[in-house]
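Chain residues, written in single-letter form:
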Amino acid sequence: MSKPSPEVYEQGKGMDAHNKVMREIRSEKDATYDPHEPTRVWIDEDNTPDGVYQSLTIILNTGGCRWARAGGCTMCGYVAESVEGGSVSHEALMDQIDVCLDHEENEAEERSGLIKIYTSGSFLDEREVPAETRRAIAETFADRDRIVVESLPDFVEQGKIEDFTGQGLETDVAVGLETGTDRVRRDCVNKYFEFEDFIAASQEADAAGAGIKAYLLMKPPFLSESEAIEDMIRSIEKCAEYAHTVSMNPCNVQRYTMVDELHFRGGYRPPWLWSVAHVLEETADADAIVVSDPVGHGSDRGPHNCGDCDDRVQRAIKDFDLRQDPSVFGQVTCECERTWEAVVERETTFNGPLTR
């Protein structure tokens, strides 16, 4: 992996003591990764302002998120999969794109209208993805309909985004906002920017003719189940003013993170899938497309219910993502829903989950 290495840019932006501990935890992983191979690539379907598209999702293997290399967010372990050395060459990154195009050709019956490119960091950070590579990728996918690129607000600049909109691509900038509440983002996630920075990034995107897709985190550490639900409902309603799509990501337990340390000691439980469904129902009339993709659903380290109903609730969530019809959740029932209701009512502290 890319070794943790704080820089002047990162100093004083978050919990420095946390960052120091997290650099030690992250350094425990010594696996290496091929800079010519993407981290992941897959074919899926996504709801967009222009309808449902077949999507090609690409996670490029870069030198790692700048913030994560300093210690980073409490729940994020993606930097552990990054390439050692802190940077990847233009040639290697374009090799990764070729691998993804080959995957699409072999796995899909037709080319995807929607391209989604992530780096588990910031695609618009030129230390991760050089300007030369960004422009080459824009040219590579110029004949598609829509593209999504991910970035922290710091790196969202009109000129960079115009590399894509200038190709005629409908372009969205995905921002890992995590929550609309500055206190929760700072104290629970250890993310350094504020909601005002997200607004500024949305203005830069708008000036380039692009849209914003906001990523939120359901139940970061240090929140009870009910607090997490309330925070998500508020955050979605707040984000809908600036983003046409809000993707709510239920927290899962990734290795080499603070959440992993808490979970191991019985101090963290991922959110209930009932909580995810409840938030989606409550925000179905928000002025934005609201979706969720519970990664690792049904496992102890992912969002889960009792085990018997997890797959059924997951399918209902996926159905809602595509159709935005909250009635799908009325078709799924399980006895464990009463347990979840008791947890929401009675759980008052983050470090003593009432159930596992």
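Rules used in this analysis
Starting afresh in each chain, residues are numbered from 1 along the sequence in its written order. In keeping with the predicted nature of the model, local features appear solely for residues at pLDDT of at least 70, side-chain atom pairs appear and are counted solely at 80 or more, and the whole-chain, interface and lining totals rest on all residues. As a rule here, side-chain values come from all non-hydrogen atoms in the structure, and water together with hydrogens is ignored. Put simply, a patch holds well-exposed residues, over 30% relative accessible area, that have no salt bridge, with like charges counted together within 9 Å and Val, Leu, Ile, Met, Phe, Trp or Tyr side chains within 5 Å. For the accessible areas, the method is Shrake-Rupley and the probe is 1.4 Å, while residue cover comes only from the protein chains on display. For this analysis, a salt bridge means a side-chain nitrogen from Lys or Arg found within 4 Å of a carboxyl oxygen belonging to Asp or Glu. In this charge count, Lys and Arg are treated as positive and Asp and Glu as negative; neither His nor the chain ends contribute. The location of each charge is read from NZ of Lys, CZ of Arg, CG of Asp or CD of Glu. Helical segments are the DSSP runs of H or I of at least four residues, strand segments are the runs of E of at least two, and each set is numbered from the N terminus. In this scheme, a residue with accessible area under 20% of its type's maximum is buried, one over 50% is exposed, and one in between is partly exposed, where area comes from a 1.4 Å probe on protein chains only. Think of it this way: DSSP has to see at least two bridges between two strands before they count as a pair. A crossover counts as right-handed when, viewed with the strands pointing away from the observer, the path leading from the first strand over the helix to the second turns clockwise. Put simply, a nonpolar core is a bunch of buried Ala, Val, Leu, Ile, Met, Phe, Trp, Tyr and Cys residues held in one set by side-chain atoms that sit within 4.5 Å of each other. Any pair of residues with heavy atoms lying within 4.5 Å of one another is described as a contacting pair. To get an axis, a line is fitted to the C-alpha atoms, and for a helix only the part in contact is used. The angle between two axes follows their N-to-C directions and goes from 0 to 180 degrees. Throughout this description, any angle smaller than 35 degrees is read as roughly parallel, any larger than 145 degrees as roughly antiparallel, any in the 65 to 115 degree range as roughly perpendicular, and the remainder as oblique. Three categories are distinguished: nonpolar for Ala, Val, Leu, Ile, Met, Phe, Trp, Tyr, Cys and Pro, charged for Asp, Glu, Lys and Arg, and polar for the others, with Gly belonging to the last. Any two cysteine sulfur atoms within 2.5 Å of one another count as a disulfide.

For the chain, an unreviewed UniProt entry supplies the name Archaeosine biosynthesis radical SAM protein RaSEA and the organism Natranaeroarchaeum aerophilus.

**Q** I'm lost on a negative patch on the surface in this one. Help?
**A** On the surface, a cluster of negative charge is made up of Asp34, Glu37, Glu91, Asp95, Asp98, Asp102, Glu105 and Glu132. Looking at the negative patch element by element, the count peaks at five residues for helix α3 (residues 90–107). Note that Glu91 resides in helix α3.

**Q** Can you help me understand the pattern of salt bridges in this one?
**A** Pairs can form between side chains of opposite charge once their charged atoms are near each other. Tallied over the entire structure, the rule returns 22 salt bridges. A salt bridge links Asp46 to Lys116, with the shortest nitrogen-to-oxygen separation between them at 2.9 Å. On the criterion of sequence distance, the pair formed by Asp46 in strand β1 (residues 40–48) and Lys116 in strand β3 (residues 114–118) is long-range, its members being 70 residues apart. In this structure, the salt-bridge partner of Glu126 is Arg134, at a minimum N-O distance of 3.0 Å. Within the structure, one salt-bridge network assembled from shared partners comprises Glu104, Arg111, Asp143 and Arg144.

**Q** Can you help me understand the pairing of strand β7 (residues 245–250) in this one?
**A** Along a regular strand, successive side chains alternate from one face of the sheet to the other. Counting buried positions over the six residues of β7 gives five, a clear majority of the element. Here strand β6 (residues 211–218) pairs with β7 via six bridges, running parallel. In the strand pairing of β7, Tyr215 is matched with Ser247. Note on the crossover from β6 through helix α8 (residues 225–239) to β7: the handedness is right-handed. Here β7 pairs with strand β8 (residues 289–292) via four bridges, running parallel. Bridging from a neighbouring strand, Ser247 pairs with Val291 of β8.

**Q** I keep staring at the nonpolar core and nothing clicks. Help me out?
**A** Nonpolar side chains in soluble globular proteins tend to end up buried together. By size, the foremost hydrophobic cluster in this structure holds 84 residues, and its most contacted members are Ile58, Ile117, Phe123 and Ile137. Broken down by element, the residue count for this core peaks at six residues, all from helix α10 (residues 273–282). Residue contacts for Ile117: discarding those within four places in its chain leaves Ile58, Leu60, Phe123, Ile137, Phe141, Ile147, Val148, Val149 and Glu150. If you look at the next biggest cluster of nonpolar residues, it comprises seven residues, including Tyr53, Tyr118, Val148 and Tyr215.

**Q** Whenever I open this one, the environment of Asp293 confuses me. Can you help?
**A** On the secondary structure map, Asp293 appears in the loop between β8 and α11 (310–323). Of the residues examined, Asp293 reaches a relative accessible area of 41% and is grouped as partly exposed. Sequence separation between Asp293 and Ile317 is 24 residues, and the spatial gap between their C-alpha atoms is 7.7 Å. If near-sequence neighbours (up to four positions away) are discounted, Asp293 is found in contact with Met248, Pro250 and Gln314.

**Q** Sorry, what's going on with the pairing of strand β4 (residues 146–150) here?
**A** Counting buried positions along β4 yields five of five residues, so the element is predominantly enclosed. Residues Arg146, Val148 and Glu150 point to one face of β4 and Ile147 and Val149 to the other, with burial holding for every one of them. Here β3 pairs with β4 via four bridges, running parallel. Residue pairing for β4: Ile117 is matched across the bridge by Val149. Viewed along the sheet, the connection from β3 through helix α4 (residues 131–140) into β4 turns out right-handed. Examined bridge by bridge, β4 and strand β5 (residues 170–178) share five bridges and lie parallel to one another. For Val149, the partnering residue across the bridge sits in β5 and is Val173.

**Q** When you look at the packing of α10 against helix α12 (residues 336–346) in this model, what are you seeing that I'm missing?
**A** How two helices sit against one another is set out by the angle between their axes and by the gap between those axes. With their axes 10 Å apart at the nearest point, α10 and α12 run at an angle of 75° to one another. Between α10 and α12, the angle is such that the two are roughly perpendicular. Residues Trp274, Ser275 and His278 of α10 pack against Cys336, Glu337 and Trp340 of α12. In the contact of α10 with α12, the residues fall into three nonpolar, two polar and one charged.

**Q** Just checking my understanding: could you explain unusual backbone geometry for this structure?
**A** For residues besides glycine, phi is generally negative; the peptide bonds are generally trans as well. Within the chain, Ser120 stands out as a residue other than glycine whose phi angle is a positive 60°. With respect to the helices, strands and loops of the structure, Ser120 is situated in the loop between β3 and α4. With phi around 75°, Glu178 is a residue other than glycine that occupies positive phi space. Note on placement: Glu178 falls in strand β5.

**Q** What am I meant to see in the environment of His263 here?
**A** Among the secondary structure elements, His263 is positioned in helix α9 (residues 258–264). With relative accessibility at 8%, the residue His263 sits in the buried group. Sequence separation between His263 and Met75 is 188 residues; the distance between their C-alpha atoms is 11 Å.

**Q** Explain the state of the cysteines to me, please; I cannot follow it from the model alone.
**A** Enumeration according to the criterion identifies zero disulfides in this entry. For Cys73, which is in no disulfide, the shortest distance to another cysteine sulfur is to Cys76 and amounts to 6.1 Å. For Cys73, a relative accessible area of 7% gives the class buried. Of all cysteine sulfurs, the one in Cys334 lies closest to Cys306, which takes part in no disulfide; the gap is 3.7 Å. Here Cys306 falls in the partly exposed class, since its relative accessible area comes to 41%.

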